[in-house]
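Spelled out, the chains give:
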Amino acid sequence: MKNFCCIVLSFSAIFFSSIFPAASRTAFSSSLSTGDSYTEYAVSTIADSLLSKADVVVRLDSSLVYCRGTSGYSMYSKEVITIMNRIGSEYADFQIATNRNLELKSYSAIILDKNGNVVKKLSKKDLQKTQLSQAYFDDYTTWYLSKPYDRYPYTIITETSVVQSNGFFSFPQWTLPHTPGVSVERSVYTIYTPENYIFNSKAINCAPEFVASKDGDRNVYTWKFAPLKSPEREPFLMPVEKRIPTILASPADFNYYGIPGNASTWEEYGNWQMHLLVERDELPEPLVAQIHALTDKLSTCYDKAKALYDYMLFSTRYVSIQIGIGGLRPMSAKEVFNTKFGDCKALANYYISMLKEIGIKACYVETGTDCIDFPCEFATPSSTNHAIVKIPAEENDPLPDGDIWVECTSAYNPFGYIHSKIAGHDALCYYNGYAKVEKLPRNLDSLNRTVSNIHVTISAKDSTLMEIEDTYSGEMAEDLFTFGDLSKEDMEKYLKNSLDLPLAKIYDIRFSLTGDRYPQFKIKFKASTPTYGSSSQSRMFIPLSPFGLSAYKLKKERHAPIYVETGFNRIEHITMDIPQGYELEGGNVNQQMGNGFGGGNTEIKKEGQQIRILVERNVSSGTFSEKEYPQLYKLYEFLRKQGNKKIVLINKNNNTL
Amino acid sequence: MKKIFITIAVLYACISNAFAADDITTDENFKFGKPTATEFSMTSYEGDADADAVILYDNVLIHYIFTSNGDFKQVRECISRIKILKEDGLRFADVSFMLYNSNTLKSVYSGITAYSFNTDANGKTVKTELKKSSIFKEKVDDNYSLIKFTIPEVKVGSLIEYRYKVTTDDIYNIPSLSFQASVPTLYSSAQLYIPEFFRFRKDTWGYYHIDVQQGTDTDQIALGGGSYYTYNIETVKMKAVGIPAMKNEQFIWDSDSYRAHVDFELQSINFPNSQPHYYSHTWGDLFESLAKLWDYESNLKISNPLHDKLAPLLSKAETDEDKMRVALKVVQENIEWNGKFSIFSRNPKSALKEGTGNSADINFLLIAALHDAGLKAIPLLFNPRNRQRLYMYPSLDNINCFIVDVQLDPGKHAFLDATNKYSDINIFNPLLMVDKAFPYGDNSGKNPVNLTSLTSNTIRSTAMVSLNPDEENTFDIKRSTVHTNLAAYLKNNEIEQYGSEEKYIENEKETSVTMPVEEMKVERSSTNVKITSKMSLTFEDDGDMIYLNPLILPYSSIWSPNAQKRVYPVEFQKTGTEEIKTIFAVPEGWEIVDMPKPLRISACNNGINAMYTAALNNNMLQISFSYKLNRVMFTPEEYNDLVIFFKSINDTLNSKIVVRKTN
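Residues numbered from 1 in each chain as written. Chains lettered and ligands numbered in written order. Predicted model: local features only at pLDDT ≥ 70, side-chain atom pairs only at ≥ 80, totals over all residues. Heavy atoms only, no water.

Enquirer: What's the story with the packing of aromatic side chains in this structure? I'm lost.
Expert: Two descriptors summarise a pair of aromatic rings, namely the distance from one centre to the other and the angle between the planes of the rings. Residues and elements named next belong to chain A. In this structure the tally under the stated criterion is 82 aromatic pairs over all chains. Geometrically, the ring pair formed by phenylalanine 210 and tyrosine 221 is stacked, given 6.4 Å between the ring centres and 10° between the ring planes. Here the residue phenylalanine 210 occupies a position in strand β14 (residues 209-215), and tyrosine 221 occupies one in strand β15 (residues 218-225), the gap between them amounting to 11 residues. Under the relative-accessibility criterion, phenylalanine 210 is labelled partly exposed at 42%. For tyrosine 221, a relative accessible area of 17% gives the class buried. Taking 6.1 Å as the distance between ring centres and 70° as the angle between the ring planes, the aromatic pair formed by tyrosine 256 and tryptophan 272 counts as edge-to-face. (Phe/Tyr/Trp six-rings, centres within 6.5 Å; stacked < 30°, edge-to-face > 60°. Helix = DSSP H or I, 4+ residues; strand = E, 2+ residues; numbered from the N terminus. Buried < 20%, exposed > 50% of the residue type's maximum accessible area, 1.4 Å probe, protein only.)

In structure tokens, the structure reads:
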């Protein structure tokens with residue numbers, strides 16, 4: 001489902017004509033109630049270039065926003081989408097979340113067969129609605145319709161209208177669903193504003209035709225997109241925000257829930273948001289006493305902050321309740337103390353309030369798990385969906401490693417560790433009296449590291465025994481933060497899966513998680529497996545490493561730029577005791593390769609009845625031109641072959657068929 | 001079933017011992033808001049060290065009240081006491097339950113009370129009560145609302161307790177009562193007090209013992225003027241002690257069928273001075289109810305709305321098989337399934353007009369088409385495999401689907417379902433292949449139909465492998481695979497998932513990792529799918545040796561059971577045979593120096609068997625592999641045999657053929 005459908009609707013012809021100027025009515029002059037045929041939307045009228053590789057063809061995606069000033073807007077949308085097959089069926093689904101400020105005024109749809117004949121009509125009464133919250137509780141009602149038809153190909157024409165009142169931050173974001181499998185034939189976005197109404201707009205990842213005109217006493221701004229054929233399905237695509245054609249538009253002045261503000265810059269928006277944090281930090285007496293009991297005997301700022309963090313993790317839990325302005329304003333520290341739960345905003349505010357009690361200055365930080373870089377000039381809370389805390393080094397006692405960024409909602413995240421869902425993302429930090437966009441730090445690729453020391457004893461008749469010692473650092477350790485909370489059975493299952501040895505017995509598991517900002521997870525365990533590798537009548541075929549060393553088989557061609565989100569290092573030192581009478585077939589091996597995308601190294605050396613193996617692989621994060629793709633292909637071919645490589649042991653006493 | 005129960009009873013005894021009987025809170029010693037010292041001090045549960053929480057006490061009380069309006073209402077009171085042992089157990093602090101409301105039936109909740117109990121630094125117990133502001137109501141749809149509350153002050157080590165009451169006009173339904181959860185349950189009980197006017201059948205499910213005691217009591221209705229009407233009450237007291245957590249296992253269609261729970265179905269309503277109403281007391285009653293309540297007979301007897309399309313095809317159909325096939329085809333081509341199973345049809349003809357409908361809409365149309373073709377066709381009723389299994393006795397609540405039973409010569413039947421365009425005679429969605437299905441109108445209910453193995457389902461592959469004379473280090477592989485019957489149905493549907501045959505082929509070409517597909521051709525019908533392909537295998541030049549898979553072709557569809565033990569049966573999707581034959585022309589200058597050992601293995605009374613051979617004749621290596629599943633269900637006692645069986649096959653399939661250059 002394209003994002004846009006979550007916000008947008010279309011229009012009812014009657015409602016529309018009553019409030020719109022004549023020129024705009026012409027632009028949106030369709031009616032779903034007349035005619036039994038729309039031959040212009042027959043599948044045969046779609047250009048071959050748009051049909052190629054498309055599961056969905058967006059024939060028309062148009063919306064018109066009629067802005068009433070800071071109080072709100074009405075939005076009328078018409079979508080005509082041809083669903084070519086079952087894979088594309090979700091694009092016929094409809095969903096919108098409304099609340100007391102966003103009303104769904106009308107909905108109507110018709111479904112056409114492949115020749116453009118009307119086969120089904122839908123109205124608002126056909127929509128289902130639910131208040132079932134995505135968070136623990138919120139005040140939204142979701143209207144939805146899924147799978148309206150099943151005979152492919154078919155076309156659905158949807159017209160909707162919504163009215164936003166009580167203020168807004170930004171106009172609905174116009175996003176073209178230009179993803180693999182989706183072609184777009186025509187797309188138009190129009191905004192009507194009062195005269196002298198100031199707003200900013202920006203086209204991202206696209207260059208649409210833009211026209212500014214007048215219609216009576218209204219300014220009219222229109223963006224039109226040329227046809228776009230379905231892009232290729234490829235791995236390592238750029239993040240959505242850097243790939244999908246988008247129009248952003250935000251008014252300079254806004255008034256949200258009766259609170260006026262300005263969003264011409266992120267800093268201005270921050271000033272508005274700061275008002276929502278005022279007077280949320282009062283602490284009840286018992287908590288004040290508890291804070292002092294926990295921290296008074298500690299000497300450093302770091303230790304005190306950590307002690308309060310540990311206390312918060314132990315005594316609270318994450319529960320998301322979003323009601324009204326509460327979607328932006330945190331629950332007070334007092335409420336969190338009384339209930340011992342809160343969402344990210346509430347827990348961040350609670351933690352800051354506790355720090356304040358002992359003189360540690362900390363700031364509230366908004367960031368986005370879905371947004372790496374905030375769009376410049378477009379300050380809007382829709383880019384953020386998470387709150388954390390920053391303890392600035394320059395405003396507190398010297399901190400050993402500079403600023404501390406604290407995630408407050410996870411019971412497992414080590415103190416000060418910036419997890420991969422937000423690392424490297426933009427963040428809006430609320431200092432005392434001003435707000436500022438900063439970048440959350442991200443680990444260097446070299447700190448995302450796994451080092452394994454493995455001793456394998458191969459037997460010709462009995463089970464293979466292994467002693468394994470792994471150290472996972474940085475982002476490589478993230479999946480293991482919760483390891484200690486797994487049941488013994490699940491720990492064993494996890495290790496068996498990571499070894500790709502379903503029949504193994506895992507025992508003597510010992511592990512530790514150390515370090516806060518640079519966590520290290522160390523684990524030692526033993527494994528015994530009746531099957532390891534395979535054997536023929538006189539040979540044994542042993543994997544290079546007991547851990548599955550897989551790598552994609554990449555296509556040879558590339559169309560889009562390359563984005564590698566996470567870089568890492570993996571090093572395995574393996575010592576293998578081989579059974580008496582067996583030899584290493586093929587002799588010693590020494591293979592290396594490396595380029596800008598990373599590298600790999602394989603060394604196999606026989607020493608007496610032992611084989612010593614070194615496996616290294618590293619991948620670099622970053623953005624690369626598609627022209628550099630042959631180098632990535634080369635790296636992955638090396639890694640794939642490395643993963644498939646087997647140590648072949650031949651029985652010298654029985655080596656003929 | 002009896003054998004399984006004995007095994008479980010022993011397990012139950014072991015688990016019960018882990019928490020001393022005296023420590024368990026029961027109906028007799030339970031006091032709301034007053035957990036015991038043992039419950040407070042509990043930090044783990046010996047019976048299941050992995051448990052993230054333990055349900056210490058759980059009780060449901062269901063009774064009926066007679067209101068001043070002269071109506072009965074049903075009251076359900078629920079109480080739970082839970083110990084949180086690990087972080088994941090915190091989910092139990094978020095409690096929710098559903099309320100049903102319609103124009104005619106109203107439900108209200110009341111009396112939500114909840115506490116958390118913690119110990120402070122001084123060892124003193126701190127009791128925190130739920131505030132009303134933490135109770136939320138969400139309207140899920142026009143009829144259902146979700147009531148939610150989140151208990152305050154809950155952390156690892158907390159003990160939580162809550163109760164609530166639901167009062168409803170819906171007196172004819174008693175909700176299913178569960179005695180088993182995702183965490184261990186030390187004590188779970190329920191008491192039901194049902195006025196004599198309502199008779200419910202109780203169906204007990206699962207692998208663990210639920211003690212059920214039934215008795216009678218009396219109650220009175222004040223008639224005014226100091227007189228009373230006295231009536232009997234059926235009392236049902238149920239309890240289960242030491243029930244382990246319900247854990248997920250692979251290869252189970254519906255884990256709820258194995259969960260310890262009790263279902264209730266209304267059998268009769270019999271008020272004084274009123275005509276009694278009987279519901280599904282016998283199969284005859286069930287069919288009668290069905291016919292009356294849902295206008296079933298008129299659905300069964302509709303004229304064929306597809307007659308004009310069927311008639312020309314019927315004129316060419318000679319045999320009953322031909323007639324069935326054309327009737328099926330006409331329905332398949334004119335209406336799409338909306339993904340919903342049902343026994344109710346709003347109106348088959350309207351659904352046809354819309355071009356889409358549920359399984360009942362579609363199969364009623366199929367019955368009409370078959371009648372039009374002069375064949376006798378009736379619904380065959382059952383529950384899909386992913387819903388609760390059917391008992392032998394009649395229960396309308398548990399029947400959610402039907403397909404069509406075509407009665408041919410005496411004793412000869414064919415089964416059809418038109419919800420999928422690739423179904424055929426006796427070939428349809430594996431979800432519908434149940435072991436018990438009941439023919440509509442067979443009032444004895446003694447002739448259930450087993451649909452699990454109606455056809456012989458095979459996948460046969462042959463491959464010719466030869467050295468590519470033009471490219472160094474490359475073998476050419478020409479492969480042909482024929483999927484038959486249900487295997488064809490599954491392959492057809494797999495291809496459908498890609499949107500088109502072309503996209504399927506494109507995907508095969510793009511995603512094949514070890515053996516790039518160069519050419520592929522697909523020929524298919526509903527009973528046969530033949531795929532011929534040309535692939536190339538580029539081997540790494542590792543000295544003078546090449547190591548090939550035992551089948552040379554990639555193969556990965558064999559299960560590797562990874563659990564040490566099995567509690568519930570293993571349920572496979574379908575019976576059938578897979579055969580692979582590969583012929584490898586060993587090129588001049590090469591020799592085979594090593595091969596896997598031959599394998600011939602059978603397990604579970606030949607419920608499953610497999611074979612692998614590789615033989616070298618005149619430089620032609622002939623490889624043969626077959627794997628046959630003769631039934632779909634295997635008991636937990638057979639699990640160990642399955643583990644050994646699959647280990648043997650996997651050992652062989654993981655082995656290598658070693659080829660060496662001789663010059």
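Enquirer: I keep staring at the nonpolar core and nothing clicks. Help me out?
Expert: One broad trend across soluble globular proteins is that nonpolar side chains are buried collectively. All names here are of chain B. Val331, Leu370, Phe382, Val406, Leu416 and Leu451 are the most contacted members of the largest nonpolar core, which totals 65 residues. The element best represented in this core is helix α8 (residues 359-372), accounting for nine residues. For phenylalanine 382, the contacting residues outside a window of four places in its chain are Leu390, Ile399, Asn400, Cys401, Phe402, Ile403, Leu432, Val434, Lys436, Ala437 and Leu451. (Core = buried A, V, L, I, M, F, W, Y, C linked by side-chain atoms within 4.5 Å. Contact = heavy atoms within 4.5 Å.)

Enquirer: Where do I start with helix α5 (residues 285-295) of chain A in this structure?
Expert: In an α-helix, one turn spans 3.6 residues; hence positions three or four apart end up facing the same way. Residues and elements named next belong to chain A. Along α5, the residues that are buried comprise Leu287, Val288, Ile291 and Thr295. Angularly, the buried residues of α5 cover 105° about the axis, an arc narrow enough to put them on a single face. In α5, the exposed positions that point more than 90 degrees away from the buried face belong to Glu285, Pro286 and Ala293. Next to the buried residues of α5 lie α6 (301-315), α7 (333-339) and α8 (344-357). (Arc of directions from axis to C-beta.)

Enquirer: When you look at the packing of helix α6 (residues 320-334) of chain B against α8(B) in this model, what are you seeing that I'm missing?
Expert: For any two helices packed against each other, one specifies the crossing angle of their axes together with the interaxial distance. Residues and elements named next belong to chain B. At a closest axis distance of 9 Å, the pairing of α6 and α8 adopts a crossing angle of 140°. Our classification of the angle between α6 and α8 gives oblique. Here the hand of the crossing between α6 and α8 comes out right-handed. Facing α6, whose interface residues are Met324, Ala327, Leu328 and Val331, α8 presents Ile362, Leu365, Leu366, Ala369 and Leu370. Looking at the contact of α6 with α8 residue by residue, the classes come out as nine nonpolar, no polar and no charged. (Axes fitted to C-alpha atoms, helices over the stretch in contact; angles between N-to-C directions. Parallel < 35°, antiparallel > 145°, perpendicular 65-115°, else oblique. Left-handed = near helix turned anticlockwise from the far one by under 90°. Nonpolar A, V, L, I, M, F, W, Y, C, P; charged D, E, K, R; others polar.)

Enquirer: Before we go on, may I ask you to explain the side chain of A:Arg558 in this structure?
Expert: Residues and elements named next belong to chain A. Its place among the elements puts arginine 558 in the loop between β32 (539-543) and β33 (562-564). A distance of 2.5 Å separates a polar side-chain atom of arginine 558 from the backbone oxygen of proline 235. Looking at arginine 558, its side chain comes within polar contact range of the main-chain oxygen of proline 561, at 2.9 Å. (Polar contact = N/O pair within 3.5 Å; in protein donor to acceptor, adjacent residues only side chain to side chain.)

Enquirer: It is not clear to me how the pattern of salt bridges should be interpreted in this structure. Could you clarify?
Expert: A side chain with one charge may pair with a side chain of the opposite charge, provided their charged atoms come close. Residues and elements named next belong to chain B. Taken as a whole, this structure holds 50 salt bridges over all chains when the rule is applied. Close ionic contact of aspartate 48 with lysine 247 constitutes a salt bridge, the shortest N to O distance being 3.6 Å. Of this pair, aspartate 48 sits in the loop between α2 (37-41) and β1 (53-66) while lysine 247 sits in the loop between β13 (227-243) and β14 (261-269), and the two are 199 residues apart along the sequence. Here arginine 325 and aspartate 424 are joined by a salt bridge, their closest N and O atoms 2.7 Å apart. On the criterion of sequence distance, the pair formed by arginine 325 in helix α6 and aspartate 424 in the loop between β20 (413-416) and β21 (438-439) is long-range, its members being 99 residues apart. Of the residues examined, arginine 325 reaches a relative accessible area of 31% and is grouped as partly exposed. (Salt bridge = Lys/Arg side-chain N within 4 Å of Asp/Glu carboxyl O.)

Enquirer: Even after reading the chapter, I still don't get the sheet that holds strand β25 (residues 426-431) of chain A, so can you show me in this structure?
Expert: Within a sheet, neighbouring strands are paired by backbone hydrogen bonds and run either parallel or antiparallel to one another. Residues and elements named next belong to chain A. Strand order in the open sheet made by the five strands is β24-β23-β22-β25-β26, with antiparallel pairing throughout. Each edge of the open sheet carries a strand with a single partner, namely β24 (404-406) and β26 (434-439). Across the sheet, the mean angle from the axis of one strand to that of its neighbour is 30°, orientation sign disregarded. Relative to β24, strand β23 (residues 386-391) is paired through three bridges, and the arrangement is antiparallel. Counterpart to valine 389 in the pairing with β24 is valine 406. (Pairing = 2+ DSSP bridges.)

Enquirer: What is the right way to read the packing of α5(A) against α6(A) from this model?
Expert: All names here are of chain A. Viewed as axis vectors pointing N to C, α5 and α6 meet at an angle of 130°, and their least axial separation amounts to 9 Å. Comparing the axis directions of α5 and α6 gives the class oblique. Like other packed secondary-structure pairs, α5 and α6 cross with a definite hand, here right-handed. Contacts between α5 and α6 involve Leu287, Gln290, Ile291, Leu294 and Thr295 from the first element and Lys304, Ala307, Leu308 and Tyr311 from the second. Looking at the contact of α5 with α6 residue by residue, the class counts come to six nonpolar, two polar and one charged.

Enquirer: Is there a simple way to explain a positive patch on the surface in this structure?
Expert: Judged by side-chain charge, A:Lys129, B:Lys106, B:Lys137 and B:Lys139 come together as a positively charged surface patch. By relative accessible area, which is 40% here, A:Lys129 ends up partly exposed. (Patch = residues over 30% accessible without salt bridge, like charges linked within 9 Å, V, L, I, M, F, W, Y side chains within 5 Å. Areas by Shrake-Rupley, 256 points an atom, 1.4 Å probe, with all protein chains shown as cover. Lys, Arg positive; Asp, Glu negative; His and termini not counted. Charge placed at Lys NZ, Arg CZ, Asp CG, Glu CD.)

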